[in-house]
Amino acid sequence: MSLQAIRGTRDIFGPEMLAWHRVEEIFRDVTRTFSYEEFRTPIIESTELFKRGVGEETDIVGKEMYTFDDRGGDSITLRPEMTAPIVRAMIEHSILHHHPLTRLWYAGPQFRYERPQKGRYRQFHQFGAECIGSAHPESDAEIILLAHEVLCRTGLKSFTLELNSLGTASVRQTYRQALIEYLTRNKDGLSDDSQRRITKNPLRVLDSKDRKDKDIIAAAPLLSSFYDDTSAAHFAAVRALLDVAGVPYVINPLLVRGLDYYNQTVFEFTTTALGTQNAIGGGGRYDPLFAMLGGGDVPAVGFSIGIERVVLLLEAEQGGWQEESSRGVYLCAIGDEAILPVQTIAYRLRRAGLHVVTDLQRRSMKAQMKEANKQRVKWTVMIGENELANSTAVLKSMETGEQQTVAQLDLETILMDTHTA
Ligand code: HAM
């Protein structure tokens, strides 16, 4: 039997890799303009972190974690998300002590044992940002605008920003009680999953995709009718900031998100172009999380975006991967005598910062020229018997087809000039 990648994991290569690089570059650029700094945490964490941080009753912790005992007998989990690890690290290194307002971004693989399908994998990649230390609505807006800017810059068109507020902790508590009462009254009409969630995680019933639950959810009491003044004012201020920025959104009163640490603002970027996997990214305010992990009272807000989903959407919208534009130079050695000088020049040009390709299979000139075309280089440099004798090279522009003979020593200057032009 041939060996294959594990179900739900993927190899990324070729033109798709180029799309990843573009998206990652945009993310780095935008986070820089918003003054966020990169933070890296380990891929493995103690299982306890996610049980306490994400919540025992969530799907992620209940059904989806890759958890194992290591050789020392400790329970380890491959991270299913990044927010709990970031908060763990903030507390562990007392970072807020020195920087009471900390803005961070991260990117990397996450692991969830879900049923694989298009846009849903067991190893997937997120990039995200967390703004830690402010309880004010301008930090919610900053995070949403940052995520929105990233998606816009990639060129994506078919997405919607959905927004909701879960209210303060006490509002949520009162609402939870009212919702449990309502759902219990209507229990018989609910799906098995939702019935199970009534007491454990009633808010999650609201975003059930089960048809059976639809009518009961539609008539459920709305969280918004329970808002106190603080909750209403905070949500209004976030919306006002998005309005002045001209960023469109829709209010989805049923948006509750699947992790336990949220309060107040929650949001998701959704699409209808990826089948059932409709969330490109999501996040919200998570003031309770620091306390859940023993870090005291620290307000924070953040988001994560799924890179696979962004790349898939781009492919769908653009009808395929974009070709790379032509760049660099192909050095063609004609005859074995030219190999050493060509390799020497190649090294010199690479050290000068040029993108250089050479043949390593000792192929014919015709085969090398074919390869140069395939590699979409701007220039080809040919060195054969004549050129060796005169220390020259034939320089051919692959864009115009024009050829000129130049001194080997001048190659660097000529190519560097056109490189920067
Ligand atoms: P999340 O909604 O669980 O939030 O995940 C964020 C994004 O990760 C999703 O919208 C989706 O694009 C992507 N994603 C999730 N699961 C998969 C999967 N199995 N395959 C492919 N992509 C997937 C969080 O993880 C929170 N930590 C976000 C956050 C940051 N909240 C505050 N700060």
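In this report, the structure presented in the accompanying data block is examined. From a predicted model like this one, the values you see are computed outputs, not experimental measurements.

**Some remarks on the environment of Leu 151**
With respect to the helices, strands and loops of the structure, Leu 151 is situated in helix α6 (residues 137-154). Judged by its relative accessible area of 0%, Leu 151 is buried. For the pair Leu 151 and Ile 305, spaced 154 residues apart in the sequence, the C-alpha separation amounts to 9.1 Å. For Leu 151, the contacting residues outside a window of four places in its chain are Leu 156, Phe 159, Phe 269, Ile 280, Ile 305 and Val 310.

**Here we look at the state of the cysteines**
Within this structure, the stated rule accounts for zero disulfides. Looking at the unpaired Cys 131, the closest cysteine sulfur is the one in Cys 152, lying at 20 Å.

**Structural notes on helix α11 (residues 229-245)**
Helical periodicity: at 3.6 residues per turn, an α-helix aligns residues three or four positions apart in one direction. End to end, α11 covers 24 Å across 17 residues, agreeing with the expected 24 Å (1.5 Å per residue, within 8%). Looking at the buried residues of α11, the elements they touch are α6, β7 (160-165), α7 (169-185), β8 (250-251), β9 (263-270) and β10 (279-285). Phi turns positive one or two residues past the end of α11, at Gly 246, with a value near 75°.

**A closer look at the pattern of salt bridges**
Taken as a whole and assessed by the stated rule, the structure comprises 17 salt bridges. Note that Arg 363 and Glu 371 form a salt bridge whose closest N and O atoms lie 3.7 Å from each other. Look at Arg 363 and you get partly exposed, because its relative accessible area is 29%. The exposure class assigned to Glu 371 is buried, which follows from its relative accessible area of 16%.

**Describing the packing of α7 against helix α8 (residues 192-200)**
Taken N-terminus to C-terminus, the directions of α7 and α8 make an angle of 145°; their axes are 9 Å apart at the nearest point. Pair α7 / α8 crosses with left-handed handedness. Here Arg 176, Ile 180, Leu 183 and Thr 184 of α7 lie close against α8, whose contacting residues are Ile 198, Thr 199 and Lys 200. In the contact of α7 with α8, the residues fall into three nonpolar, two polar and two charged.

**Considering the site of the ligand**
Neighbouring the ligand are 26 residues; Glu 81, Glu 114, Tyr 121, Tyr 262 and Ile 280 lie closest to it. Within the side chain of Thr 83, an N or O atom sits 2.9 Å from a nitrogen atom of the ligand. Contact with the protein chains hides 96% of the accessible area of the ligand, taken as 670 Å² for the molecule alone. Mapped by element, the contributors of at least two residues to the shell around the ligand are β6 (123-132), β10 and β11 (300-306). Tallying contributions element by element places β10 first for the shell around the ligand, with five residues. Looking at the shell around the ligand residue by residue, the class counts come to ten nonpolar, nine polar and seven charged.

What counts as what
- Residues numbered from 1 in each chain as written.
- Predicted model: local features only at pLDDT ≥ 70, side-chain atom pairs only at ≥ 80, totals over all residues.
- Heavy atoms only, no water.
- Helix = DSSP H or I, 4+ residues; strand = E, 2+ residues; numbered from the N terminus.
- Buried < 20%, exposed > 50% of the residue type's maximum accessible area, 1.4 Å probe, protein only.
- Contact = heavy atoms within 4.5 Å.
- Disulfide = S-S within 2.5 Å.
- Expected span 1.5 Å × (residues − 1).
- Salt bridge = Lys/Arg side-chain N within 4 Å of Asp/Glu carboxyl O.
- Axes fitted to C-alpha atoms, helices over the stretch in contact; angles between N-to-C directions.
- Left-handed = near helix turned anticlockwise from the far one by under 90°.
- Nonpolar A, V, L, I, M, F, W, Y, C, P; charged D, E, K, R; others polar.
- Near = heavy atom within 4 Å.
- Polar contact = N/O pair within 3.5 Å; in protein donor to acceptor, adjacent residues only side chain to side chain.
- Areas by Shrake-Rupley, 256 points an atom, 1.4 Å probe, with all protein chains shown as cover.

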